[in-house]
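Structural overview for review
Listed below, chain by chain, are the residues.
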Amino acid sequence: MSFGQLPYDVSHLLGGGMLLLSFVLLYQRRVGAVINALALQGGILALAAAWQALVQGAPQLYLTALIAFGAKAVLIPLALRTLLRRLDLHRTVETALGIGPSLVAGVALVALAILVVLPITAGSRAIAREDLALALSVVLLGMLMMITRRNAILQVAGLMTLENGLILAAVGVAGMPLVVELSTAALVMMLLVVGGVFVFQIRERFDTVDTGFLERHRGEAE
C-alpha cells in the first residue's frame, strides 16, 4: 500500500467504523449496551478528527478531536450512565419498529445516502466524497434510531449519533471553520441537558421513560 493511498484508507476505515457502530446502536435493545456503543463511536469520531487534522494540515482540528473525545467518549456517556443508574433501567426496551425491519431500513438509508452524495460531489476529492457519504449515512441512521425507539434515553442516543455524523462531515471538508464544530458541540451539550430533564419529568409523572405511554395522555390511544 503506497503512502499516497494511506490517507484515503484510514479515513474510510474510521468513517466505516462509525457507520458500523450506528448499525450496532440500531440492533441493541439494552440501554447499557447502547451507551457503550455510543461512547465507542465518540472515540472513533475523535480519531477521525485527529486524522483529518494531520491529512489537511489543519492543527485546529486537533482541538476538535480533543473536544469530541472528552464530550462524546467520556462526559456524555458518563452522564447517560448516571441517568441510567438513577432511573434504575438496566433492561431491554420496546421499539416502535422491530430490530429486523430497522436494520433493513438502515441499509436502505445508506444506499440512499450514497446515491445522493456521490453524484453531486463528482468534482470533489475522492476522500471528501466518500467521507460525506459515510457521514450522511450516520446522520440518517441516527434519525432512524430516534424514530424507531420509544425509550427517551435511546432517543437522546439517536440524537447524539446524528450529531456525530454532522461533525464527521464537517471535519472531512477542508477549510471548515472551527467555530462550526464548537457551536455544534455546545448545542449538543444543551440538548443533552434538555433531554435529561425531559426524561426525569417523564419518570416523575408517569413512572416510565417509554414515550409510547404518553399517547394515551395525548388522546391518541383508545
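Residues numbered from 1 in each chain as written. Predicted model: local features only at pLDDT ≥ 70, side-chain atom pairs only at ≥ 80, totals over all residues. Heavy atoms only, no water.

For the chain, the count of helices and strands is 7 helices and 0 strands. Listed by position from the N terminus, the elements making up the chain come as α-α-α-α-α-α-α. In the chain, which comprises 222 residues, the share counted as buried stands at 46%. A separation of at least 24 residues holds for 75% of the contacts in the chain among residues at least 6 apart in sequence. (Helix = DSSP H or I, 4+ residues; strand = E, 2+ residues; numbered from the N terminus. Buried < 20%, exposed > 50% of the residue type's maximum accessible area, 1.4 Å probe, protein only. Contact = heavy atoms within 4.5 Å.)

So, on to the environment of Gly 42. Counting through the fold element by element, Gly 42 comes out in helix 2 (residues 31–56). Judged by its relative accessible area of 0%, Gly 42 is buried. Sequence separation between Gly 42 and Asn 164 is 122 residues; the distance between their C-alpha atoms is 7.2 Å. Not counting the four nearest positions on each side in its chain, Gly 42 is found in contact with Ala 68, Lys 72 and Ala 73.

Our focus in this paragraph is the packing of helix 1 (residues 6–27) against helix 6 (residues 152–172). Where helix 1 meets helix 6, the axes come as close as 11 Å, and the angle between the chain directions of the two elements is 170°. One finds that helix 1 runs roughly antiparallel with respect to helix 6. Contact residues: helix 1 offers Gly 15, Met 18, Ser 22 and Leu 25, while helix 6 offers Thr 161, Asn 164 and Leu 168. Counted by class, the contact of helix 1 with helix 6 contains 3 nonpolar, 4 polar and no charged residues. (Axes fitted to C-alpha atoms, helices over the stretch in contact; angles between N-to-C directions. Parallel < 35°, antiparallel > 145°, perpendicular 65-115°, else oblique. Nonpolar A, V, L, I, M, F, W, Y, C, P; charged D, E, K, R; others polar.)

Take helix 6 next. Taking 1.5 Å as the rise per residue, helix 6 with 21 residues should run 30 Å; its terminal C-alpha atoms sit 31 Å apart, in good agreement. Burial within helix 6 is extensive, with 17 of its 21 residues counted as buried. (Expected span 1.5 Å × (residues − 1).)

When the UniProt feature table is mapped onto this chain numbering, "transmembrane region" (unreviewed entry) sits at residues 6–27, 34–55, 61–84, 96–120, 132–149, 156–176 and 182–200. This span, residues 34–55, is 100% helix and 0% strand, and a straight line between its end C-alpha atoms measures 31 Å. Helix and strand shares over residues 61–84 are 100% and 0% respectively, and the end C-alpha atoms of the span are 32 Å apart. (UniProt positions renumbered as here; feature names shortened; annotations may be inferred.)

Now for the environment of Leu 103. Mapped onto the elements of the fold, Leu 103 is located in helix 4 (residues 99–120). For Leu 103, a relative accessible area of 24% corresponds to the partly exposed category. As a C-alpha pair, Leu 103 and Tyr 27 span 76 residues in sequence and 7.1 Å in three-dimensional space. Discounting chain neighbours no more than four positions away, the residues touching Leu 103 are Phe 23, Leu 26 and Tyr 27.

Residues of the chain with pLDDT of at least 70 account for 68%, and the chain-wide mean is 77. Within the chain, no element has a lower average pLDDT than helix 7 (residues 178–206), which sits at 59, and none a higher one than helix 2, at 90. (pLDDT = per-residue confidence, 0-100.)

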